[in-house]
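# Structural description and commentary
If you want the building blocks of each chain, they are given just below.
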Amino acid sequence: MRRVTLPAGREEIARLRAGDGVLLSGVIYTARDAAHMRFRELLDAGKPLPIELRGAAIYYAGPSPAPPGTVTGSIGPTTSSRMDAFAPRLIRLGLLCTIGKGARSEEVIEAIKERCAVYLAAVGGAGALLAERVISSETAAFPELGAEAVRRLIVRDFPATVAVDATGRDIYAEGRAAYLRAAADAGGR
Amino acid sequence: MRVVTPDAVTETVARLFRDANVHLPPDIRAAVDAAAGSEAWPAARRTLETIRENADIAEAGNIPMCQDTGMVCVFLDIGFDARIGGDVYKAVDAGVARGAAEGYLRASIVRDPLRRENTGDNTPAAVYIDLVPGDRVKITVAPKGFGSENASRVKMLRPADGVRGVLDFVVSAVEDAGGGACPPVVAGVGIGGNFDKAALLAKRALLRPVDEPNPDPCYAALERELLERINALGIGPMGLGGRTTALGVSILSAPTHIAGLPAAVNISCHVTRHLSETL
């Protein structure tokens, strides 16, 4: 597992390869459907976003409420494809890393390649395990959105897999094909 | 006539909603364990190990396994000789709100699909009431995440499409769902009825334990064939490649019209949750 400190530089992001396991430490922001719609409204109106996108990592997640004495509730990834309509624009504005689950569109992969960014996959449904890797959580924007508010998280050793790397290689296409080749080879022997 | 109080319904729904989110059903846990033991593909095995570890952490900490604690489906099977002494829908929603507050479950419901204002307490539930023989009330609470719900489908096939048409439809729905629906999935399949009945059959099929086949040998064989075809897709746990794309397939069927062959598939993630209690 490769350790990555966030925010990371483009050189470090460029070294990540599709399929690599990574452990993330540092700052990531949560944002999902409603927050992305707010981002779009602000950008369309020519207004600044409430977070600095340049070099940032956005985690597509909306945690369950934190029980007393804990940092966060369960906090697994949500389906990234719902944010595909927003991601290319944000990546071209400097967003370096997105984290979620499931495959991305051609347009997103194109933007990742063009800007030397990265898309990471966390294990969906593993919200309790991932919550243990969050060491602080504060609301950064849109508190009225509740679970969909933008949160600034500090994480330590947050596990993820490189799903789309800076060269545009996509683990959702490659992983399945590689498995099927291996299974066919094993069957043919 | 036996009376079950609305308070008893509320208390039961609250407890089942909390518990269903914390404890993986034993049949699902056993299926994940078995898959982890037989998966040869490293990324798949690693993901299944993470899923197992996550279930243990949730159990030990009494916290929800997944942050999407679901839109709550409540099935009430009310005996012909039983009566709920009050507003059953209010009683269920009071239970959902209490369970969400006490269990620190996420408020995931918006009041209107287009205006999208969060109700703040995860109500209302989707409630389905059936009248059944006896004087008891069986309550089943099934919180359902939307990553997999979004991948679900209904299709009005033609009678001539036959068994092959239904099977191809189910396999292609799971294939298109890919990694976003949190595989390994459970596929609930409804065949027959009409447009709405097929969807409800598919949802109800998810309540059957994955290690319990359809009692009709013909449908049990179709379940086995579907599982084999789905697990030959290569999508694997979380879509990273591997054998384990589904943990199980459950089919429910119903009479239908001479002109139709409705089919529905309700895809459920590896955190397939449901708990029942009889009052």
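Structure: see above.
All of the points below concern the structure found in this document.

Calculation notes
Residues numbered from 1 in each chain as written. Chains lettered and ligands numbered in written order. Predicted model: local features only at pLDDT ≥ 70, side-chain atom pairs only at ≥ 80, totals over all residues. Heavy atoms only, no water. Pairing = 2+ DSSP bridges. Helix = DSSP H or I, 4+ residues; strand = E, 2+ residues; numbered from the N terminus. Axes fitted to C-alpha atoms, helices over the stretch in contact; angles between N-to-C directions. Contact = heavy atoms within 4.5 Å. Buried < 20%, exposed > 50% of the residue type's maximum accessible area, 1.4 Å probe, protein only. Salt bridge = Lys/Arg side-chain N within 4 Å of Asp/Glu carboxyl O. Polar contact = N/O pair within 3.5 Å; in protein donor to acceptor, adjacent residues only side chain to side chain. Parallel < 35°, antiparallel > 145°, perpendicular 65-115°, else oblique. Left-handed = near helix turned anticlockwise from the far one by under 90°. Nonpolar A, V, L, I, M, F, W, Y, C, P; charged D, E, K, R; others polar.

Below, the discussion takes up the sheet that holds strand E5 (residues 137-144) of chain B. All names here are of chain B. Read from one edge to the other, the open sheet built from four strands follows the order E4-E2-E5-E10, with strand pairing classed as mixed. Of all strands in the sheet, those with a lone pairing partner are strand E4 (126-132) and strand E10 (275-278), marking the two edges. With strand direction ignored, the average angle separating the axes of adjacent strands in the sheet is 15°. Both strand E2 (residues 71-79) and E5 contribute to a ladder of eight bridges, which runs antiparallel. By the bridge assignment, Met 71 is partnered in E5 with Lys 144. Packed on one face of the sheet, helix H1 (residues 6-22) meets E2, E5 and E10 and runs near 40° to E5.

Residues and elements named next belong to chain A. By the element assignment, Asp 33 lies in helix H2 (residues 33-44). With relative accessibility at 16%, the residue Asp 33 sits in the buried group. Residues Asp 33 and Asp 157, 124 residues apart in the sequence, show an inter-C-alpha distance of 26 Å. Setting aside anything within four residues of it in sequence, one finds Asp 33 in contact with Arg 82, Met 83 and Glu 148.

What follows concerns the interface of chain B and chain A. Taken together, the 35 residues of chain B in the interface contact 36 residues of chain A. Linking chain B with chain A are one salt bridge, by the criterion used here. Salt-bridge contacts for Arg 176 of chain A lead to Glu 175 of chain B; the nearest nitrogen and oxygen are separated by 2.7 Å. The tally of links between chain B and chain A comes to 15 residue pairs in polar contact (both at pLDDT 80 or more). Considering each element in turn, the side of chain B that touches chain A owes the most residues, eight residues, to helix H3 (residues 42-61) of chain B.

Turning to the packing of H1 of chain B against helix H4 (residues 88-103) of chain B, a few remarks are in order. Residues and elements named next belong to chain B. Taken N-terminus to C-terminus, the directions of H1 and H4 make an angle of 40°; their axes are 7 Å apart at the nearest point. Judged by the inter-axis angle, H1 sits oblique to H4. The crossing of H1 and H4 is right-handed. For the pair H1 and H4, the contacting residues are Pro 6, Val 9, Thr 10, Glu 11, Val 13, Ala 14, Phe 17 and Arg 18 in the first and Ala 91, Val 92, Ala 94, Gly 95, Val 96, Arg 98, Gly 99, Ala 100, Glu 102 and Gly 103 in the second. Looking at side-chain class alone, the contact of H1 with H4 contains ten nonpolar, four polar and four charged residues.

For side chains bearing opposite charge, pairing can occur when the charged atoms are close. Applying the stated rule across the entire model yields 29 salt bridges over all chains. Between Arg 3 of chain A and Asp 157 of chain A there is a salt bridge; the shortest N-O distance is 2.5 Å. Pair noted here: Arg 3 of chain A is in strand E1 (residues 2-6) and Asp 157 of chain A is in strand E7 (residues 150-164), with a separation of 154 residues, a long-range link. Here Arg 82 of chain A ties to Asp 33 of chain A by a salt bridge, and the two come within 2.7 Å at their closest N and O atoms. Highlighted residues: Arg 82 of chain A in the loop between strand E3 (57-59) and helix H3 (87-92) and Asp 33 of chain A in helix H2, separated in sequence by 49 residues. In this structure, a network of salt bridges that share partners links the residues Arg 29, Asp 33, Glu 49, Arg 52 and Asp 56 of chain B.

Further remarks concern unusual backbone geometry. The step from Leu 6 of chain A to Pro 7 of chain A runs through a cis peptide bond, and the omega angle for that step is 0°. If you trace the backbone, Pro 7 of chain A turns up in the loop between E1 and helix H1 (10-14). In this chain, Thr 123 of chain B is followed by Pro 124 of chain B through a cis amide linkage whose omega measures 0°. With respect to the helices and strands, Pro 124 of chain B occurs in the loop between H4 and E4. Positive phi, normally seen in glycine, also occurs at Asp 157 of chain A, with a value near 55°.

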